[in-house]
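Letter by letter, the chains look like this.
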Amino acid sequence: IYGRADPFANSCFLNCCANIRGNGSERNQALVIAITAFEEMKKRPDIIGDPNQYTFGTMMKVCVRLSSNADERNRLMESLFVQACKRGMLSKAVLGQFLRHTPSQLNMRVILSLGGSKREIP
C-alpha cells in the first residue's frame, strides 16, 4: 500500500469480497480473504488503516452474503457487533445489520450483555 492508510479504501476492498457471486468454494475463499484483511487492519492500523463504522458495516455485509450457514453467520455477526461497540464504532448501519441478520434472541442477549436494555432494542 502506498500513501496514507485509508479505511474507506479498505471498506471498498471488503465490498468487492461481499459481491463475489461464485460457487460455494469461491464464496468461502472470499470470506476468508475478507476476514484476513479485516484482522490485518486491526493489527496494523498505522499502515493499513483502522477499521471505522463503515468498515464494520461492510464486514457485516460480507458475513451475511458469504457465510455458509446460519451458525457461522451468527457467530461472525456477534463478534463484529461486540468489536464495533467496544471500539466506539457503533452506527445506525451497524446496529441495523446486526438486528436484521441475527435472530432476536441472539441480538437481545448480546445487547443486554453490553449494558443495553430491552427498552433500547428497536
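Notes on the structure follow. This is a predicted model, so every value here is computed, not measured.

What follows covers the overall build of the chain. Looking only at helices and strands, one finds seven helices and zero strands in the chain. The N-to-C order of helical and strand elements in the chain reads α-α-α-α-α-α-α. For the chain, the C-alpha radius of gyration of 14 Å lies close to 14 Å, the compact-globule estimate for 122 residues. Out of the 122 residues belonging to the chain, those deemed buried represent 39%.

A separate point is the pattern of salt bridges. This structure, assessed with the given rule, holds four salt bridges. The shortest N-O distance in the salt bridge between Lys-42 and Glu-39 comes to 3.0 Å. You can see Lys-42 and its partner Glu-39 sitting in helix H2 (residues 24-43), three residues apart, about one turn around the helix. Taking relative accessible area as the criterion, Lys-42 reaches 18% and is therefore assigned buried. Judged by its relative accessible area of 31%, Glu-39 is partly exposed. Ionic pairing is found between Asp-50 and Arg-87, a salt bridge with its closest N-O pair at 3.2 Å.

Procedures and definitions
- Residues numbered from 1 in each chain as written.
- Predicted model: local features only at pLDDT ≥ 70, side-chain atom pairs only at ≥ 80, totals over all residues.
- Heavy atoms only, no water.
- Helix = DSSP H or I, 4+ residues; strand = E, 2+ residues; numbered from the N terminus.
- Rg over C-alpha atoms; globule rule 2.2 N^0.38 Å.
- Buried < 20%, exposed > 50% of the residue type's maximum accessible area, 1.4 Å probe, protein only.
- Salt bridge = Lys/Arg side-chain N within 4 Å of Asp/Glu carboxyl O.

These values are about where atoms sit, not about what they do.
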